[in-house]
Each structure stands twice: as C-alpha cells, then as structure tokens.
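Here are the chains, one letter per residue:
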Amino acid sequence: MSGRRFGLPSVDLLADFWNHPLDYETPPKGPRRPTVSGRVLTIVVITVIGVLLAVAWRESVSSQPAEAQARADLRDDIATQREDNAVLSDLVDALRDDVTALRDEVLGNRAAVEKLHADEAVAGLRAVTGDGATVTIADGPQPDNENGSHLGEVFDRDLHLIVNTLWALGAEAIAIDGQRLTAVTTIRAVGDTILVDFAPVGSPYEIAAIGPPELAEEFEASQTAQTFRDYEKDYGISLTVESTDDLLLPAASHPSLDEATPKGSN
C-alpha cells in the first residue's frame with residue numbers, strides 16, 4: 001500500500017488535507033452589469049422627478065404675477081381707504097366744530113362756556129396750544145440678513161415708555177404724529193404697524209407734549225432717554241429731544257360711553 005501513511009483511505013485523505021492545505025482564493029468581483037429592468041426603473045424615476053420639478057417651477061413662475069398684482073391691489077385699496085378716512089375725519093372735525101359753536105351759543109353763559117372748554121382741553125377733546133417738548137424717535141437701519149430679527153425697530157411699548165415718562169414729568173397734553181392722547185387712547189401694534197386709536201403712525205415718530213418749561217431738559221436727563229441712547233449705540237435707533245414753543249395739538253375724537261354714565265351733581 002504505497003503512498004498511504006495510515007493504511008485507510010479515509011485517514012489518508014484527512015492526513016493529506018492536514019499536510020497539504022488547499023490555497024483557495026476568492027476571485028475578485030468585477031462591476032455588476034445593470035440589468036434591463038434596473039435601467040428601466042432608473043429612467044422612470046428620473047423622468048418622474050424631472051416632471052415634478054418642471055411642474056413646480058411652472059406653477060411658481062405662473063403664480064408670481066398674480067401674487068404681485070394682488071399685493072399691488074391691496075396697497076391701492078389701503079391708500080384709497082386712508083384717503084377716504086382722511087376726508088371723513090375732516091368732515092367729522094368740521095361738524096364737531098359746528099356742534100360746539102351751537103352748544104356754546106345755546107349755553108349763553110360765558111363763564112360756563114369757558115369752564116366747559118377747559119374741561120374739554122383737560123380731557124383731550126379740545127385743541128390746545130402752548131410750549132413744551134418734541135421727542136422724535138426713529139427706527140434703526142434694516143439688518144443685512146433679511147431673515148434676522150430687526151432689533152432696531154421701534155415698538156409700541158417704546159412709545160408707551162416715552163409717553164408715560166412725559167406724563168410723569170408734568171406734561172398736560174400729548175400727541176403722537178398728530179393723534180391726541182386721552183384717558184382711553186390705545187397704542188398698540190398690528191403686525192408691523194403701530195396704531196394710535198386705530199390711526200396708523202410710522203417712523204420717525206414725533207411725540208409732542210405741552211408742559212413745564214424744563215420738560216425737554218428733564219426728559220433728556222431721564223432714565224428713559226438714557227435707555228434709548230443705549231439703543232442708539234447698540235441698534236441704531238435715533239432719539240432727538242427739543243424744547244418747542246407754540247405747539248398746537250389737535251383735539252381727539254369723542255369716545256363713546258356704552259357702560260359708563262355721567263354721575264349727577266352731589
């Protein structure tokens with residue numbers, strides 16, 4: 001039994017595997033050739049994506065003129081409404097002057113008429129004139145990043161702060177951009193617009209106040225003015241305070257009382 005070390009074929013086969021192991025190498029994998037179905041699926045997916053992008057682009061382009069026209073129409077409507085409101089406001093003022101003149105004529109008593117005029121002036125329902133201060137505040141420059149927050153914008157609470165400071169310093173009559181303030185005046189923001197009794201005001205905001213001779217000087221030295229000086233350095237908000245003579249503040253519109261009723265004399 002030449003050629004066998006252990007006499008049994010099975011044992012000799014195991015011994016041969018042990019002593020002479022096979023050198024087995026995995027043949028390198030070449031690039032897989034795409035199948036016909038894979039090519040078809042790829043073409044279909046690319047075509048669908050292309051069609052969707054084309055439709056989206058076409059819809060975007062076609063909608064731009066309509067959106068631009070809608071914005072232009074809205075601006076025109078707002079401008080027209082403001083003009084109509086201004087005409088109606090002038091008409092209301094003229095009718096109010098006529099009513100006041102007739103009322104004073106009916107009263108007849110000069111002392112009573114003057115007392116009534118003084119009460120109306122205190123309530124903000126009669127135009128007043130006098131010396132005081134003019135505080136002008138304006139928005140800072142727009143940020144370079146349009147998506148960033150505009151920290152240099154004047155907010156309604158800023159106007160509240162200035163007005164309250166002027167009242168505290170002795171102001172007797174205040175108007176913001178010609179809108180006279182009364183006990184029921186609202187100063188609030190609606191979107192990017194600030195409304196004073198539903199009348200829009202815009203930057204630069206001019207706050208005129210009739211008060212003591214030192215009103216402008218004392219406001220300039222107040223903590224409120226210092227706060228806005230800091231805003232000027234940090235955000236570009238501008239603040240100017242001037243002593244002004246012969247201010248003329250218009251009368252405010254008469255508010256309506258729904259729940260409150262005048263109390264009779266004691």
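For the structure, check the block above.
Below you will find a few notes about this structure.

Rules behind the numbers
Residues numbered from 1 in each chain as written. Predicted model: local features only at pLDDT ≥ 70, side-chain atom pairs only at ≥ 80, totals over all residues. Heavy atoms only, no water. Helix = DSSP H or I, 4+ residues; strand = E, 2+ residues; numbered from the N terminus. Buried < 20%, exposed > 50% of the residue type's maximum accessible area, 1.4 Å probe, protein only. Contact = heavy atoms within 4.5 Å. Areas by Shrake-Rupley, 256 points an atom, 1.4 Å probe, with all protein chains shown as cover. Patch = residues over 30% accessible without salt bridge, like charges linked within 9 Å, V, L, I, M, F, W, Y side chains within 5 Å. Salt bridge = Lys/Arg side-chain N within 4 Å of Asp/Glu carboxyl O. Pairing = 2+ DSSP bridges. Axes fitted to C-alpha atoms, helices over the stretch in contact; angles between N-to-C directions. Phe/Tyr/Trp six-rings, centres within 6.5 Å; stacked < 30°, edge-to-face > 60°. Expected span 1.5 Å × (residues − 1). Arc of directions from axis to C-beta. Polar contact = N/O pair within 3.5 Å; in protein donor to acceptor, adjacent residues only side chain to side chain.

Considering the overall build of the chain
1) Next: The helix and strand tally for the chain stands at 6 helices and 8 strands.
2) Next: Counted from the first residue to the last, the chain has its helices and strands arranged as α-α-α-β-α-β-β-β-β-β-β-α-α-β.
3) Next: The buried share among the 266 residues of the chain stands at 24%.
4) Next: Within the chain, counting contacts between residues at least 6 apart in sequence, those at least 24 apart form 72% of the total.
5) Next: Here the chain has roughly 19,500 Å² of accessible surface; of this, 57% comes from carbon and sulfur atoms.

Some details on a nonpolar patch on the surface
1) Next: A cluster of nonpolar side chains, contributed by Val 36, Val 40, Val 44, Val 48 and Leu 52, occupies part of the molecular surface with about 460 Å² of accessible area.
2) Next: As for its placement among the helices and strands, Val 48 is situated in helix 2 (residues 36–107).

Section: the sheet that holds strand 4 (residues 187–190)
Consider a sheet: its strands pair through backbone hydrogen bonds, and that pairing is either parallel or antiparallel.
1) Next: Spatially, 3 strands are ordered 4-5-6 in an open sheet, and the strand pairing comes out antiparallel. The open sheet terminates on both sides in strands that have one partner only, identified here as strand 4 and strand 6 (199–201). Sheet twist, expressed as the average angle between the axes of neighbouring strands with direction ignored, equals 40°.
2) Next: Alignment of strand 4 against strand 5 (residues 193–196), held across 4 bridges, turns out to be antiparallel. By the bridge assignment for strand 5, Ala 189 is matched with Ile 194.
3) Next: With respect to the sheet, helix 4 (residues 156–168) is in contact with strand 4 and strand 5, its orientation differing from that of strand 4 by roughly 170°.

Things to note about the sheet that holds strand 7 (residues 205–210)
1) Next: The 5 strands lie next to each other as 3-2-7-1-8, forming an open sheet whose pairing is antiparallel. Unpaired on one side and paired on the other, strand 3 (179–180) and strand 8 (238–249) mark the two borders of the sheet.
2) Next: Of the pairings in the sheet, the one linking strand 2 (residues 173–176) to strand 3 comprises 2 bridges and is antiparallel in character. Bridge pairing in strand 3 links Ile 176 to Gln 179.
3) Next: This element, helix 4, spans strand 1 (128–138), strand 2 and strand 7 of the sheet and lies at about 15° to strand 7.
4) Next: Running at roughly 130° to strand 8, helix 6 (residues 223–235) makes contact with strand 1 and strand 8 of the sheet.

Focus: the side chain of Asp 104
1) Next: Take Asp 104: it is sitting in helix 2.
2) Next: Looking at Asp 104, the relative accessible area reads 17%, which means it is buried.
3) Next: Apart from the residues within four sequence positions on either side, Asp 104 is in contact with Val 113 and His 117.

Some thoughts on the packing of aromatic side chains
1) Next: All told, the structure shown has 2 aromatic pairs when counted by the stated rule.
2) Next: A ring pair is formed by Phe 228 and Tyr 231, whose centres lie 5.4 Å apart and whose planes are at 90°; its orientation type is edge-to-face. Of the two residues, Phe 228 and Tyr 231 are both situated in helix 6; the distance of 3 residues between them amounts to about one turn of the helix.
3) Next: Phe 228 gets classed as buried once you look at its relative accessible area, which sits at 0%.
4) Next: Classification of Tyr 231 by relative accessible area gives partly exposed; the value is 29%.
5) Next: Each member of the aromatic cluster is reached from another via a ring pair, and the members are Phe 228, Tyr 231 and Tyr 235.

Observations concerning helix 3 (residues 110–123)
1) Next: End to end, helix 3 covers 20 Å across 14 residues, agreeing with the expected 20 Å (1.5 Å per residue, within 8%).
2) Next: If you check which residues of helix 3 are buried, you get Val 113, His 117, Glu 120 and Ala 121. The buried residues of helix 3 all sit within an arc of 100° when viewed along its axis, so they share a single face. Those residues of helix 3 that are exposed and aimed more than 90 degrees away from the buried face are Ala 111, Lys 115 and Val 122.
3) Next: Its side-chain oxygen 3.0 Å from the backbone nitrogen of Ala 111, Asn 109 forms the N-cap of helix 3.
4) Next: Backbone geometry just downstream of helix 3 places Gly 124 in the positive-phi region, at approximately 85°.

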